[in-house]
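Take a look at the letters that make up each chain.
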Amino acid sequence: MNDNSPVIENPWQRLRRHTSARIGLGRAGISLPTSRLLEFQLAHARARDAVHLPLDVPALLAALPPWGGDALRLQSRAGDRTTYLQRPDWGRQLADPSRQRLQQWAEDNRHSQPDLAVVVVDGLSSRAVQNHTANLLRALQGVLSRARESWCLAPLCVVEQGRVALGDEIGALLRANAVLICIGERPGLSSPDSLGLYLTWQPRRGRTDAERNCISNVRPEGLSCRDAVTRLLYLLQESRRQRLTGVGLKDRTDDGGKTLTAAGTAETGSNFLLGRE
Amino acid sequence: MSAKYRYTLGDRTYRFKDLATLMARATPARSGDRLAGVMAETAEQRVVAQMALAELPLRQFLQEPLVPYEEDEVTRLILDSHDREAFAPIAHLTLGDFRNWLLSSSATPAALTALRSGLTPEMVAAVSKLMRNQDLILVAQKCRVTTAFRNTIGLPGRFSTRLQPNHPTDDATGIAASILDGLMYANGDAVIGINPATDNLAQCKRLLQLLDEVIQHYQIPTQACVLTHVTTALEAMAQGAPLDLVFQSIGGTEATNRSFGVDLGLLAEARDAALQLKRGTLGNNVMYFETGQGSALSANAHHGLDQQTCEARAYAVARHFQPLLVNSVVGFIGPEYLFDGREIIRAGLEDHFCGKLLGLPMGVDVCYTNHAEADQNDMDNLLTLLAVAGCTYIMGVPGADDIMLNYQTTSFHDALYVREALGLKPAPEFEQWLLRMQIMDEQGSAGLHRGLAPGFAPALARVLDADSDVGESHPGGSGK
């Protein structure tokens, strides 16, 4: 290291292999070195862009696998992003023309009662939706086609400026037994494109979050599409068998693994500050 | 007309149906009050409401509870504990005069201390609505609040930090790495406080153990906290866990607190249990509370009040339990409550002012989420304003990025910036430790030694040796 450099490096920066926290950044005076400052700005810029980037619906529709007939393009009552961010209640309601569209579909398909409606929603990160939904739905299609029971699918709905609970109204209008929402999650600084999946049995307006199951952090650096679909299939099959979702339906696909990780890290006490490593 | 409050301006009479409405209409604009439907309809109506409020006698707040006494234990706490004797010197004032008095030379630090128990949160919230940012700063600066556990927090000329070493899976090595980073940047005198990834009792006990061992091993004059629900803390204490501070999120109405799963009785029980452990060496402030504007509305428990008034009422709850630390988590809850940097900055200054005037050791989590219209510059502005106002402490996380809670708060570097820019120092006992450990040098307020403190070299060598043993010898630290 150059002794004349105004940047003072931290010898403990090598600990970064043990955590994604921004430790050992070094300092210029007592401030962030330029390179570290710009790294942060880039991460924040990506997270901001993820919030404000509009969903490219035509591109998304072109990338998605065929799914339960012609896709329906819908809008929430929040007309633009600024309104969306300030009125979470409007993001949970359909715009009138979208509601009429679904009512029309229900009338035209009077005898249809789908097992599952999939609703793709931009949420707080359109990038998550744009990047990961096509892979996810292809993988889901694969496992559903090999599943024991057959799955009658409602047409895919793509919604702009929506929140999770909007799926309740959509699912109810489509007379679906269950609704799956694929939505862009609130972006973190290091996770701008995280997709969230919410499954609700017998969707109708007024369902609470306690009545849904959630699979979070679906992205290549988090939970892979393949692993997400494994969990999802379990939840789909169990919700159909037990006729419920939410706190009453526990995701037992990796109970063993979870407990082991939590216990393993803490009980071995691998804390180098105390000299036990 | 049934409107209780009227104000005539020119040929127009404005009506406000009750005190809660008048307070809400007088509140500087913010998205949470718009969402609740209590915000002023026009800019003019807001100022007229402020004019009406300025003429209101302070006494009115003792006669017109904003949430009914019979329905709400927070209201009962506020009115039953009101000290009429302390209130006497200002009992004759209107709110407008009260603002003038607070800014005058009569309002000395000693006078403000004597006044505390005579003030209700509603009086304090109301006067803040008549104040500009600089007023909020100037008056807060005159409030002296000192608390103690293993060090002394809140002395003039001091500026403390909570070291917040969160990790998404509570990994012990990851947490230890962030603690080391924070200590080397002279952070952690307010508390070393972890938000656990889950509320699991066994996990919380292990984290308490970890923090206690680190504090004991390096003899750090500070305290630890695992920010878990108060019921989990009670169980952990019953099972003998080494717990310094009891944490709880609180709100300003009984129903908000119920949504958090707490009431005053439960908080009292937890405080008693922590006091019995007698772990403090310099003082017995054993509680740590977090609050934030918007929590009451999000629990649908705001009783038609504006969110800032609800927030101030939470400080009455906090005050009752003589906490070591209280902070508003000002930008955490999202843009539906505080939309942008401007609203977050205003709210941060209000919360700090109200807390301090009521006698709380008030810190602020200067923070924002990525869907708010805010950035690091807004945080720098709020941080600087709060530091000038005499804010007791802020958070410190590595590089301002909390990888568990997914939000940005202040960094270890940010705290050093404040100390350097304003000549502030950490808590005295912690400062002595930093000097002894050769983390800080005697030069200047934020002077750090260049290298790793010798006392921590063996620990670092240990972990790096272990890494090369398993063949991970490639240099780390290349960033994200």
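Below you will find a few notes about this structure. (Residues numbered from 1 in each chain as written. Chains lettered and ligands numbered in written order. Predicted model: local features only at pLDDT ≥ 70, side-chain atom pairs only at ≥ 80, totals over all residues. Heavy atoms only, no water.)

### Some points on the overall build of chain A
Next up, step 1: Along chain A, the regular secondary structure elements total 8 helices and 8 strands.
Next up, step 2: Judged by the C-alpha coordinates and their principal axes, chain A covers about 75 × 40 × 30 Å.
Next up, step 3: A total of 277 residues make up chain A; the buried ones form 54% of that total.
Next up, step 4: Roughly 12,400 Å² of accessible area belongs to chain A as shown, and the carbon and sulfur atoms make up 49% of that amount.
Next up, step 5: For chain A, the distance from the average position of its 37 positive side-chain charges to the average position of its 29 negative side-chain charges is 2 Å. (Helix = DSSP H or I, 4+ residues; strand = E, 2+ residues; numbered from the N terminus. Buried < 20%, exposed > 50% of the residue type's maximum accessible area, 1.4 Å probe, protein only. Areas by Shrake-Rupley, 256 points an atom, 1.4 Å probe, with all protein chains shown as cover. Lys, Arg positive; Asp, Glu negative; His and termini not counted. Charge placed at Lys NZ, Arg CZ, Asp CG, Glu CD.)

### Description of the packing of helix α10 (residues 133–141) of chain B against helix α19 (residues 376–389) of chain B
Residue and element names in this part refer to chain B.
Next up, step 1: In contact at an axis separation of 7 Å, α10 and α19 are set at 40 degrees when each is read in the N-to-C sense. Viewed along their axes, α10 and α19 adopt a mutual orientation that is oblique. Contact with α10, carried on its side by Ile137, Ala140 and Gln141, involves Leu385, Val388 and Ala389 of α19 and no other residues of that element. (Axes fitted to C-alpha atoms, helices over the stretch in contact; angles between N-to-C directions. Parallel < 35°, antiparallel > 145°, perpendicular 65-115°, else oblique. Contact = heavy atoms within 4.5 Å.)

### A word on the pairing of strand β5 (residues 157–160) of chain A
Residues and elements named next belong to chain A.
Next up, step 1: The alternating pattern of β5 places Cys157 and Val159 on one face and Val158 and Glu160 on the opposite face, and all of these are buried.
Next up, step 2: Pairing of strand β3 (residues 72–75) with β5, which is carried by 4 bridges, proceeds in the parallel orientation. Considered in β5, the bridge of Gln75 is made with Glu160.
Next up, step 3: Two elements, strand β4 (residues 116–121) and β5, share 3 bridges in a ladder whose sense is parallel. Across the sheet, residue Val119 finds its bridge partner in β5, namely Cys157.
Next up, step 4: Regarding the hand of the β-α-β motif, the stretch spanning β4, helix α5 (residues 126–146) and β5 is right-handed. (Pairing = 2+ DSSP bridges. Right-handed = clockwise from strand over helix to strand, strands pointing away.)

### Re the interface of chain B and chain A
Next up, step 1: Each side of the interface is counted separately: chain B has 71 residues, and chain A has 59 residues.
Next up, step 2: Taken together, the connections running from chain B to chain A amount to 3 salt bridges.
Next up, step 3: Across the salt bridge formed by Arg22(A) and Asp401(B), the nearest N and O atoms sit 2.8 Å from each other.
Next up, step 4: Run the count over chain B and chain A and you get 19 residue pairs in polar contact (both at pLDDT 80 or more).
Next up, step 5: Only α2 (31–36), α11 (172–184), α12 (201–217), β14 (407–408), α20 (412–422) and α22 (457–469) of chain B provide two or more residues apiece to the side of chain B that touches chain A.
Next up, step 6: Broken down by element, the side of chain B that touches chain A gets its largest block of residues, 10 residues, from α11(B). (Salt bridge = Lys/Arg side-chain N within 4 Å of Asp/Glu carboxyl O. Polar contact = N/O pair within 3.5 Å; in protein donor to acceptor, adjacent residues only side chain to side chain.)

### Some thoughts on the sheet that holds β5(A)
Residue and element names in this part refer to chain A.
Next up, step 1: Reading across the sheet, the 6 strands line up as β3-β5-β4-β6-β7-β8 and stay open at both edges, with mixed pairing between neighbours. Looking along the sheet, the strands with just one partner apiece sit at the ends: β3 and β8 (212–218). For this sheet the average axis-to-axis angle between neighbouring strands, irrespective of direction, equals 20 degrees.
Next up, step 2: In terms of strand pairing, β4 meets strand β6 (residues 178–184) through 6 bridges, oriented parallel.

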